[in-house]
Amino acid sequence: MSMAAEPNELRDDVLNGLQLSTQLEKVWRTPSGLVGALMSVDHKVVGRRYIVTAFAFLLLGGILAILMRVQLAGPEKTFLSADKYNQIFTMHGSTMMFLFAVPVMEAFAVYLVPLMVGTRNIAFPRLNAFSYWMFLFGGCFLWISFLFNAGPDVGWFSYVPLSSLQFTPTKRADVWAQMITFTEVAALAVAVEIVVTVFKLRAPGMTLDRIPLFVWAMLVTSFLVMFAMPSIMVASTSLILDRLVNTRFYDSSSGGHPLLWQHLFWFFGHPEVYIIFIPGTGMVSAILATFVRRPVIGYPIVILSLIATGFLSFGLWVHHMFVTGLPQLGAGLFTASSMLIAVPSGLQIFCWLATLWDGRPVYRTPLLFVIGFVVIFVLGGLSGVMVASVPIDTQVHDTYFIVAHFHYVLIGGAVFPLVGAVYYWFPKIAGRMLSERLGRWNFWLAFIGFNVAFFPMHILGLIGMPRRVYTYTADMDWAHLNLLSSGGALIFALSFALLLVNVIYSLRKGELAGDNPWNASTLEWATSSPPPPQNFDRIPVVKHRDPLWADSESLPVVAGLSAERREILLTSLAEAEPQIREASPEPSIWPLLAAIATTVFFIGSIFTPWAVLWGTPPMAVTLIGWFWPAGSKEDEE
Amino acid sequence: MPVWVRIVLVLCTTWPLAACAGRQSTLDPQGLQSEQILHTLFIFLGVAAIVWIAVVIVLALGMLRRKRLADQPLDLHQAFEERTGRVIIGLGVATTVIVLGLSFVSYAGQRIVFAKGENALTLKIIGHQWWWEVRYEDDSPHRSFVTANEIRIPTGQPVKVELESADVVHSFWVPSLTGKMDLITGQKNELQFTAKNAGVYRGQCAEFCGLQHAHMAFAVIALPPDEFGRWRDRENQSANSPADQLGKQGEALFRARGCALCHNISGTLAGGQLGPDLTHIGSRTTITAGTLPNTPATLGAWIADPQHIKPGNLMPKMPLQSGELIAILHYLEQLK
């Protein structure tokens, strides 16, 4: 494929392979030095930072989990005070949900989606850099507050009126609410980038029915983010307003209502679970196809299931509120809608089982994690069907049964695929393989540790142990199971320590990976490991859903893109036909400065409403700098 | 209850790790509602167990079965793909049928659990950080009284509790009798249950309500109807006057040392409304919202330093001489 050439521009069709490689690398590379690093808009650089930061928060959240398990290992322990425990369980939930689970999935998408759809950079790369800085600053804000004993202590759900000024007069609830704002800005930005990247930057020929399943999953997730996150932003902003300037959104004595908070929170909170789980399914589909050596059976069924899950996930938030005194028939209908989501989830499981059935499995670590995923996630899904029932929920709601259920769903459904994904894509990102021997230890410790830690919690909930208690008395018969659970948690933590050791060791000593160590089929494996700044020397043309399996010798490519400036190819939404060549932004320091200005604005505004006024001009200045025309050829046209 | 449910329960209660028949357990139903819920729960559990085992078996067979040898990932048989697709759709339809069936099972159970009983005894329960105010209300004011953290009910008669909150959201939960219901600021909720057997059933706040959420328990004591009637008559009376000199001294100190600012003792000048009503404190089995058994030693320790036992609770430590503490304690012990 070739396009009409303009005079006097260096195009990729006049350069040979090596020249082109060198030339594109010069054009696309991140500037050197510290300032250069801070200016980077390369999706791989930003994606790597995003992944590492999210895993750092996983480590911190995991340490908190261990502290809680030590406190609960026996009755009436005084290892943690009530105040510390309440801060710690709030921080654990908030960190895992807002600073680990959602960001890490988006981080993988930031790194992988442009590679998988065969383009040179993500759409809106400066927004991408801005998103990372906002995420980093928001996370640090929360954790620094916690270290100064100002960490939130009202739960990751922050129910009013407990989080209102009357019952939480300190800044703790504001810290929580404003951390939400930071992470939501970051998440929304990435969602927009992913949608545009998938819709407009796909390699020519990658029609909708040739998009890899992981990319489909991230596309659906991004839409979920765009529809769910505004709800929590409205909720947390009005909470801050209630606390700072005496609005009365949640004050029942002035016409507000505490249940308004619960509706807004769970209208976000339930899709949130699928925002975490759907990327996990994408990872499972990607890993499974590669390691059972055949495409996933029922590609359209999987995609329709993803979309159906996305829609249904907005229709069942009320099952978090079955014991708030809702009308009985209404609650009963939400039982049915909650259970119906088992249908698309089940269809995906059936597709994967059939794929495994027909495939020729190669049992490497990523596949082990996928098998662990099926065993754990199906159990969690089925306990989910149980808690969707109103009468059952009135007993198990807010008990350890629920703690067990959502850890089975979230760790089983998202963290197991995620760790599998780390083993799977680490060679692409780092250029070296992770140790398979350590990987097997990692899997078995994780699988056994997880089940020993969380299965007993089902029983604990049924024999009456509520959530969020910092201790319990010796006569409650909960001690043995809690001790068992704490032991399992230590084993589970050990498995992550092993992952960390494996990553550090393999970064230096791991076996070199080569372009496509797993002989996989998608485009990210068609370039070197790690990929060069331009991703691909020549943009591939896709003629098959599994391009590297169909054209195992060499892929057809596009010719005619500029080799002297950053240029990407836009294609049509459905058929991915080439439409236009488009400039892609140069590195810039402005996203970082804008993020700093926004951070000052956000943090200031929990102390005084005047910060909203004085915080705006610096933001405006940084945005003007950001969007100042660079005098490129395109701008002049 | 079907036989197999009984067998499971027996197995549970004899399982050394988890003594499921604890005083606060979904698996130890002693009320009409909790029994129905457990019934529904076991139906769901049975279906879930069958599905999970089936998935794991298919997974294991899929891994173990003999595989084709050549590594040609795209060498697929169209007929096989289409047949498998139809099987998957069929399983999807089966899943739909199962979950819709379970929805009906659930709704049928829900109708029974939330059915309104005739001739119910009505109580009002108000949640406070971190204790329970229990009001026995009657059309005639002299038959109404207030107590705290201990709810006595007759067996066999439906009990209707009206739930309100004085501060934040709490949740009323006595698993042996029925499921939970939230106490929400600015809203009146309602819950009905019927105890089948006499006994002491522990309950606990189930919605996170702040610093001492873990120490917000209570007890429901189900009594045979005639015994309940006698208790109610006794509870209707004003507090006992102290019988001895030390007790009289204690009563005076109760007012002089500020206790009466928060606590009510009917028939005396102590009329505070912030803390639990202490008119019959001597007859209660536990103190400080189910945290400690009610003995002279624990009550004394509590009054001497409430912040040590339950840090952050709203009862301040009052400076008392040891003689004064003994007098107050002696007085309270007599309030049977």
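What counts as what
- Residues numbered from 1 in each chain as written.
- Chains lettered and ligands numbered in written order.
- Predicted model: local features only at pLDDT ≥ 70, side-chain atom pairs only at ≥ 80, totals over all residues.
- Helix = DSSP H or I, 4+ residues; strand = E, 2+ residues; numbered from the N terminus.
- Rg over C-alpha atoms; globule rule 2.2 N^0.38 Å.
- Buried ≥ 20, exposed ≤ 12 C-beta atoms within 10 Å, placed from the backbone.
- Contact = placed C-beta atoms within 7 Å.
- Pairing = 2+ DSSP bridges.
- Axes fitted to C-alpha atoms, helices over the stretch in contact; angles between N-to-C directions.
- Expected span 1.5 Å × (residues − 1).
- Bend = angle between axes of the 7 residues up to and from the residue.
- Nonpolar A, V, L, I, M, F, W, Y, C, P; charged D, E, K, R; others polar.
- Core = buried A, V, L, I, M, F, W, Y, C linked by C-beta atoms within 7 Å.
- Parallel < 35°, antiparallel > 145°, perpendicular 65-115°, else oblique.
- Left-handed = near helix turned anticlockwise from the far one by under 90°.
- pLDDT = per-residue confidence, 0-100.

### Remarks on the overall build of chain A
- Helix and strand counts for chain A stand at 20 helices and two strands.
- A compact globule built from 637 residues would reach a C-alpha radius of gyration of about 26 Å, and chain A, at 25 Å, matches this within 12%.
- Taking the principal axes of the C-alpha coordinates as reference, chain A spans close to 80 × 60 × 50 Å.
- When burial is assessed residue by residue, chain A has 60% of its 637 residues classed as buried.
- Residue pairs at least 24 apart in sequence account for 81% of intrachain contacts in chain A once pairs closer than 6 positions are excluded.

### What to know about the overall build of chain B
- Along its length, chain B carries eight helices and 12 strands.
- Computed over C-alpha atoms, the radius of gyration of chain B comes to 27 Å, more than 25% over the 20 Å expected from 2.2 N^0.38 for 336 residues, which places it beyond the range of a compact globule.
- Across its three principal directions, the C-alpha atoms of chain B cover 95 × 45 × 40 Å.
- Within chain B, buried positions represent 40% of all 336 residues.
- For chain B, the share of sequence-separated contacts (at least 6 apart) that also reach a separation of at least 24 residues comes to 64%.

### Brief notes about the sheet that holds strand E2 (residues 131-136) of chain B
All names here are of chain B.
- Taken in spatial order, the five strands line up as E3-E2-E1-E5-E8 in an open sheet, and their pairing is mixed. Pairing within the sheet leaves two strands with one partner each, and these edge strands are strand E3 (145-148) and strand E8 (189-193). Direction aside, the axes of adjacent strands within the sheet are offset by 25° on average.
- The pairing of E2 with E3 spans four bridges and is classified as antiparallel. Residue pairing across strands places Val134 opposite Thr147, the latter belonging to E3.

### Details of helix H19 (residues 610-627) of chain A
- Between the first and last C-alpha of H19 of chain A there are 27 Å, a value that for 18 residues agrees with the 26 Å anticipated at 1.5 Å per step.
- Largest kink in H19 of chain A: about 30°, centred on Thr616 of chain A, with the proline Pro617 of chain A one to four residues after it.

### Some words on the interface of chain A and chain B
- On the chain B side, the residues contacting the 78 residues of chain A number 74 residues.
- For the side of chain A that touches chain B, the leading source of residues is helix H11 (residues 342-358) of chain A, giving 11 residues.
- A per-class count over the side of chain A that touches chain B returns 47 nonpolar, 23 polar and eight charged.

### Considering the sheet that holds strand E9 (residues 199-204) of chain B
Residues and elements named next belong to chain B.
- Ordered by their spatial adjacency, three strands build an open sheet running E4-E10-E9, and the pairing between neighbours is mixed. Looking at the sheet topology across the chains shown, the edges are occupied by strand E4 (150-154) and E9. Each strand of the sheet is rotated relative to its neighbour by a mean of 25°, with strand direction disregarded.
- In terms of strand pairing, E4 meets strand E10 (residues 217-223) through five bridges, oriented parallel. Looking at the pairing, Glu150 lines up with Ala219 of E10.

### Examining helix H5 (residues 125-147) of chain A
Residue and element names in this part refer to chain A.
- Under the 1.5 Å per step criterion, the end-to-end length of H5 is 33 Å for 23 residues, consistent within 8% with the ideal 33 Å.
- Along H5, 17 of the 23 residues are buried, which leaves the element largely enclosed by surrounding structure.
- Once H5 ends, the next one or two residues include Asn149, with phi positive near 65°.

### A short note on the nonpolar core
- Judged by nonpolar contacts, the single largest core of 268 residues is most densely connected at Ala101, Val104, Val215, Ile287, Leu288 and Cys351 of chain A.
- With 23 residues, the single largest contributor to this core is helix H4 (residues 82-116) of chain A.
- Dropping the residues within four chain positions of it, Val104 of chain A is found in contact with Ile51, Ala54, Phe55 and Leu418 of chain A.
- Ranked by size, the runner-up nonpolar core spans 17 residues in total, among them Leu278, Ala327, Tyr331 and Leu335 of chain B.

### Some details on the environment of Gly330 of chain A
Residues and elements named next belong to chain A.
- Note on placement: Gly330 falls in helix H10 (residues 328-340).
- Residue Gly330 is classed as exposed on the basis of its 9 C-beta neighbours within 10 Å.
- Taking the C-alpha atoms as reference points, Gly330 and Thr207, 123 residues apart in sequence, are found 42 Å from one another.

### Points about unusual backbone geometry
- Cis peptide bonds are those with omega within 30 degrees of zero, and the linkage from Ser529 of chain A to Pro530 of chain A qualifies with -10°.
- Mapped onto the fold, Pro530 of chain A is located in the loop between helix H16 (479-509) and helix H17 (547-550).
- Cis geometry is adopted by the peptide bond preceding Trp130 of chain B, which originates at Gln129 of chain B and carries an omega value of -5°.
- For Trp130 of chain B, the position within the fold is in the loop between strand E1 (121-128) and E2.
- The residue Asp477 of chain A is not glycine, and still its phi comes out positive at about 60°.
- Note that Asp477 of chain A resides in the loop between helix H15 (436-462) and H16.
- Residue Asp477 of chain A is classed as buried on the basis of its C-beta count, with 22 C-beta atoms lying within 10 Å.

### Topic: the packing of H10 of chain A against helix H3 (residues 78-113) of chain B
- At a minimum axis distance of 9 Å, the contact between H10 of chain A and H3 of chain B shows a crossing angle of 155°. As judged from the angle between their axes, H10 of chain A and H3 of chain B are roughly antiparallel. For the pair H10 of chain A and H3 of chain B, the crossing hand works out as right-handed. Judged by residue contacts, Gln328, Gly332, Thr335, Ala336, Met339 and Leu340 of chain A of H10 of chain A engage Val99, Leu100, Leu102, Ser103, Ser106, Tyr107 and Gln110 of chain B from H3 of chain B.

### With respect to the environment of Pro591 of chain A
All names here are of chain A.
- Examined against the element boundaries, Pro591 turns out to sit in helix H18 (residues 590-604).
- The exposure class assigned to Pro591 is buried, which follows from the 29 C-beta atoms found within 10 Å.
- Between the C-alpha atoms of Pro591 and Leu38, which are 553 residues apart in sequence, the distance is 9.2 Å.
- For Pro591, the contacting residues outside a window of four places in its chain are Arg126, Ala129, Phe130, Trp133 and Trp626.

### Things to note about the confidence of the model for chain B
Residues and elements named next belong to chain B.
- In the predicted model, chain B carries a mean pLDDT of 90, and the fraction of residues at 70 or more is 92%.
- At the low end of the mean pLDDT range in chain B sits helix H1 (residues 3-14), at 53; at the high end sits strand E6 (residues 170-174), at 97.
- Overall fold confidence (pTM) sits at 0.94, and the ipTM for the predicted complex is 0.93.

### As for the packing of helix H9 (residues 299-312) of chain A against H11 of chain A
All names here are of chain A.
- H11 packs onto H9 with a crossing angle of 155° between their chain directions and a minimal axis gap of 8 Å. Overall, the two elements H9 and H11 adopt an arrangement that is roughly antiparallel. Judged by the sense of rotation from one axis to the other, the crossing of H9 with H11 is left-handed. Each of Ile301, Val302, Ser305, Ala308, Thr309 and Leu312 in H9 lies in contact with H11, whose residues at this interface are Pro344, Ser345, Leu347, Gln348 and Cys351.
- Taken together, the residues that form the contact of H9 with H11 break down as seven nonpolar, four polar and no charged.

### Section: the environment of His330 of chain B
- Considering the arrangement of structural elements, one finds His330 of chain B in helix H8 (residues 322-333).
- Here His330 of chain B falls in the buried class, since 21 other C-beta atoms lie within 10 Å of it.

### Digging into the confidence of the model for chain A
- Residues with a pLDDT of 70 or more make up 98% of chain A, whose mean pLDDT is 94.
- Here residues 1-5 of chain A scores under 50 on pLDDT; set against residues more than four positions off or in separate chains, the count is 11 contacts.

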